[in-house]
Amino acid sequence: MQYLQSRAPEHPKYNPVARVYKNSVGADVLIHLPQGYWTFVDWAEARDEIDFQYWVIHTEQHPYEDWSLSQLLMYWLWLDQCRRHRYGHATHTNVPPEGYETYGEGANDG
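Right, let's walk through the structure included here. (Residues numbered from 1 in each chain as written. Predicted model: local features only at pLDDT ≥ 70, side-chain atom pairs only at ≥ 80, totals over all residues. Heavy atoms only, no water.)

**A word on the overall build of the protein**
Secondary structure assignment for the protein yields five helices and two strands. Going from N to C terminus, the protein has its helices and strands arranged as α-β-β-α-α-α-α. Counting every position in the protein, which comprises 110 residues, the buried fraction comes to 35%. A separation of at least 24 residues holds for 45% of the contacts in the protein among residues at least 6 apart in sequence. Just so you have it, the protein exposes about 6500 Å², and 52% of that area is on carbon and sulfur atoms. (Helix = DSSP H or I, 4+ residues; strand = E, 2+ residues; numbered from the N terminus. Buried < 20%, exposed > 50% of the residue type's maximum accessible area, 1.4 Å probe, protein only. Contact = heavy atoms within 4.5 Å. Areas by Shrake-Rupley, 256 points an atom, 1.4 Å probe, with all protein chains shown as cover.)

Right under this line is the structure:
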């Protein structure tokens, strides 16, 4: 998590794109993610592999420290992409996500 949090704010690749989703009480919330993450969301939803609306509600109900909802969702999407590359599962691109570690996940949170 620390890796993504340290990179996202200043890096030009991370210009956020906002989309509206419903939170757990049905109110609209803006989710800000880099376009590359939305591309992955669209790809995975088209394959019925994720339900991003569910992810929004679940993540909102399980906050982590001072992370925003968008930051947490970005982390979970990043981790999902890393795991897909690690285990040879289908993904929307052959390029591993930035910060991907080939061996183990310990370095992803250190």
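**Regarding the packing of aromatic side chains**
Overall, the coordinates contain eight aromatic pairs when judged by the stated rule. With a centroid separation of 5.2 Å and 75 degrees between ring planes, the pair formed by Tyr21 and Phe52 is classed as edge-to-face. Here the residue Tyr21 occupies a position in strand S1 (residues 16–22), and Phe52 occupies one in helix H3 (residues 52–61), the gap between them amounting to 31 residues. One exposure class covers both Tyr21 and Phe52, and it is buried. (Phe/Tyr/Trp six-rings, centres within 6.5 Å; stacked < 30°, edge-to-face > 60°.)

**Digging into the nonpolar core**
Counting residues in hydrophobic clusters, the biggest one holds 23 residues, and the most contacted among them are Tyr21, Ile31, Leu33, Trp38, Phe52, Val56 and Leu77. Elements with a contribution of two residues or more to this core: strand S2 (28–34), helix H2 (35–46), H3 and helix H4 (69–87). Looking at this core, the element that brings in the most residues is H4, giving eight residues. If we skip the residues at most four places from it in the chain, Trp38 touches Val17, Arg19, Tyr21, Ile31, Leu33 and Phe52. (Core = buried A, V, L, I, M, F, W, Y, C linked by side-chain atoms within 4.5 Å.)

**A look at the pattern of salt bridges**
Summed over all chains, the structure comprises five salt bridges. Note that Asp28 is salt-bridged to Lys22, the shortest N-O span being 2.6 Å. Asp28 sits in the exposed class, given a relative accessible area of 52%. Put simply, Arg47 and Glu49 hold a salt bridge, and the shortest N to O gap is 2.8 Å. (Salt bridge = Lys/Arg side-chain N within 4 Å of Asp/Glu carboxyl O.)

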